[in-house]
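Notes for the structure review
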Amino acid sequence: MRDWTVLGIETSCDETAAAVVRGSAPGPGVILSNIIFSQLEAHRPFGGVVPEIAARAHVERLDEIIETAIGEAGTEIASLDAIAATAGPGLIGGVMVGLTTAKALALATGKPLIAVNHLEAHALTARLTRGVAFPFLLLLISGGHCQLLAVEGIGAFRLYGTTIDDAVGEAFDKVAKLMGLPYPGGPRIEELARNGRASRYALPKPMAGRSGADFSFSGLKTAARQIVRSEHPNRAALAASFQEAVVTCLVDRTSNAIAAFRADHADLDNLTLVVAGGVAANLAVREGLTRLCAREDLRLIVPPPRLCTDNAAMVAWAGLERGQLGLLDSAGVAPRARWPLDARDGGRNPAAPNSSLTS
Ligand code: KG4
Ligand code: ZN
């Protein structure tokens, strides 16, 4: 297969992003440009992502970001093989901005359009960076998503577990907010936790020890709230105790998913766990998963933080892989607020990326 060059557009949450990627499945590919404009400052006063502000900010910046991405890549629209955009799941106003822009570009230039599932883009990032072969186990942990899936192929996923309430990044953000830390709270909690004693507060580890691979974090958040309200907590110790409880939950759930994945792929010699999403940047999480993979004899792959968090290079790459298989979309393709990877998911995963305002 000849290499493709694809423009990717990402607007499903609070990052306005465009990127140009070149390569062929199964990867690795070359990232020719990867432009990300974070709207963090616009949302910070509200302690979470405000959908209406996000959609407007995408409208204001997207054209310029696309131009920069194409310019930095040293290419032009005429040389692209396809135009890909996130079509969901996510905040619908933002998704509409990116997808409609992609449609307009595709119509004006006669290039193929590819509507990308944001979760599939996260899932395929390890192929862009490392050319990881199917199937692999994916732990997707971000502000909006918290899932364990077998990635069997393009459009082929098997869900082992998802969260029944908050996503793990959302839990970090909400507990940080309780403690008066600015949004996004994950990195702040990790920083504070470095100087804290994790055994100081006994917090619950929801779902740990139970069968299956579903997650739950609301009980942990409630326990943290009670500590904040009832005493003057040692903040570093509370951060450390919370982070350790989260790591215990993630490792416990992933361990069950590894057993299920192993059973489903008894013929496979070398198993791989890929971790994606913003929470993968957390060192304590990485250490917990590194120990688990060493014990279970799995290869652990964590893409670099800039590609773990929301970006358009992953969208371009997912579009490239779909395009090379002839999976193109028409201009009639609709944006979707909810779009589970595995139909068996039943839409239980949170539809919208993190919005601490809604709960
Ligand atoms: O993947 P991402 O950029 O956006 C979503 O799709 O949600 O993930 C952002 C989330 C936020 O909840 C943020 O608090 C969390 O990832 N996060 C972290 C760390 N860095 C980012 N959580 C814990 N520790 C970190 N170092
Ligand atoms: Zn994401």
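Residues numbered from 1 in each chain as written. Chains lettered and ligands numbered in written order. Predicted model: local features only at pLDDT ≥ 70, side-chain atom pairs only at ≥ 80, totals over all residues. Heavy atoms only, no water.

Time to look at the packing of helix α5 (residues 168-178) against helix α7 (residues 218-230). In contact at an axis separation of 10 Å, α5 and α7 are set at 10 degrees when each is read in the N-to-C sense. In terms of orientation, α5 and α7 fall into the roughly parallel class. Judged by residue contacts, K174, V175 and L178 of α5 engage K221, A224, R225 and V228 from α7. Classifying every residue of the contact of α5 with α7 gives four nonpolar, no polar and three charged. (Axes fitted to C-alpha atoms, helices over the stretch in contact; angles between N-to-C directions. Helix = DSSP H or I, 4+ residues; strand = E, 2+ residues; numbered from the N terminus. Parallel < 35°, antiparallel > 145°, perpendicular 65-115°, else oblique. Contact = heavy atoms within 4.5 Å. Nonpolar A, V, L, I, M, F, W, Y, C, P; charged D, E, K, R; others polar.)

As a further point, take the domain arrangement of the protein chain. When the domains of the protein chain are assigned, the result is domain 1 (4-128 + 309-342) and domain 2 (133-305). Measuring from the centre of the C-alpha atoms in domain 1 to the corresponding centre in domain 2 gives 26 Å. Residue-level contacts link 23 residues of domain 1 with 26 residues of domain 2. Between domain 1 and domain 2 the total buried area reaches about 1,900 Å² when both faces are included, carbon and sulfur atoms providing 69% of it. (Domains from an automatic or database assignment. Buried area = accessible area lost by both parts, 1.4 Å probe.)

On to the coordination of the zinc ion (ligand 2), then. Only H118 (NE2), H122 (NE2) and D310 (OD) from the protein reach the zinc ion (ligand 2) as donors, at distances of 2.1 to 2.2 Å. Geometry at the zinc ion (ligand 2) is irregular, judged from the four donor atoms that bind it and their angles of 85 to 138 degrees at the metal. We note that the donor set of the zinc ion (ligand 2) lies within a single chain, spaced as H-x3-H-x187-D. Placement of both H118 and H122 in helix α4 (residues 118-130) is noted, with a separation of four residues, approximately one turn of the helix. The exposure class assigned to H118 is buried, which follows from its relative accessible area of 1%. The exposure class of H122 is buried, given its relative accessible area of 1%. (Donors = N, O, S within 2.8 Å, 3.2 Å for Na, K, Ca; no water. Tetrahedral: all angles 85-135°; square planar, octahedral: opposite > 155°, others 65-115°. Buried < 20%, exposed > 50% of the residue type's maximum accessible area, 1.4 Å probe, protein only.)

With 12 residues, helix α11 (residues 313-324) should reach 16 Å at 1.5 Å per residue; the first-to-last C-alpha distance of 16 Å fits that figure. Burial within α11 is extensive, with 12 of its 12 residues counted as buried. Directly after α11, the chain includes G326, whose backbone phi takes a positive value near 80 degrees. (Expected span 1.5 Å × (residues − 1).)

To continue, consider the sheet that holds strand β6 (residues 136-141). Taken in spatial order, the five strands line up as β8-β7-β6-β9-β10 in an open sheet, and their pairing is mixed. Edge positions in the open sheet fall to β8 (156-162) and β10 (299-301), since each of these has one partner strand only. Ignoring strand direction, the axes of neighbouring strands in this sheet form an average angle of 25 degrees. Sheet analysis places β6 next to strand β9 (residues 272-276), joined by four bridges and oriented parallel. Across the sheet, the residue bridging to L140 is A276, located in β9. (Pairing = 2+ DSSP bridges.)

Okay, the packing of α5 against helix α6 (residues 185-193) next. Direction vectors running N to C along α5 and α6 enclose 70 degrees, while the axes themselves pass 7 Å from each other. Taken together, α5 and α6 sit at an angle that is classed as roughly perpendicular. Relative to α6, α5 is oriented so that their crossing is left-handed. Across from F172, D173, V175 and A176 in α5, the residues of α6 making contact are G185, G186 and I189. Looking at the contact of α5 with α6 residue by residue, the class counts come to four nonpolar, two polar and one charged. (Left-handed = near helix turned anticlockwise from the far one by under 90°.)

Further remarks concern the pattern of salt bridges. As enumerated under the stated definition, the model contains 13 salt bridges in all. In this structure, R127 engages E321 in a salt bridge whose closest nitrogen and oxygen atoms are separated by 2.7 Å. A residue pair is termed long-range when its members are at least 10 positions apart, and R127 in helix α4 and E321 in helix α11 qualify at 194 residues. Of the residues examined, E321 reaches a relative accessible area of 2% and is grouped as buried. Taking the shortest distance from any N to any O, the salt bridge between E152 and R158 comes out at 3.3 Å. Taken together, the salt bridges that share partners define one network made up of D166, E170, K174 and K221. (Salt bridge = Lys/Arg side-chain N within 4 Å of Asp/Glu carboxyl O.)

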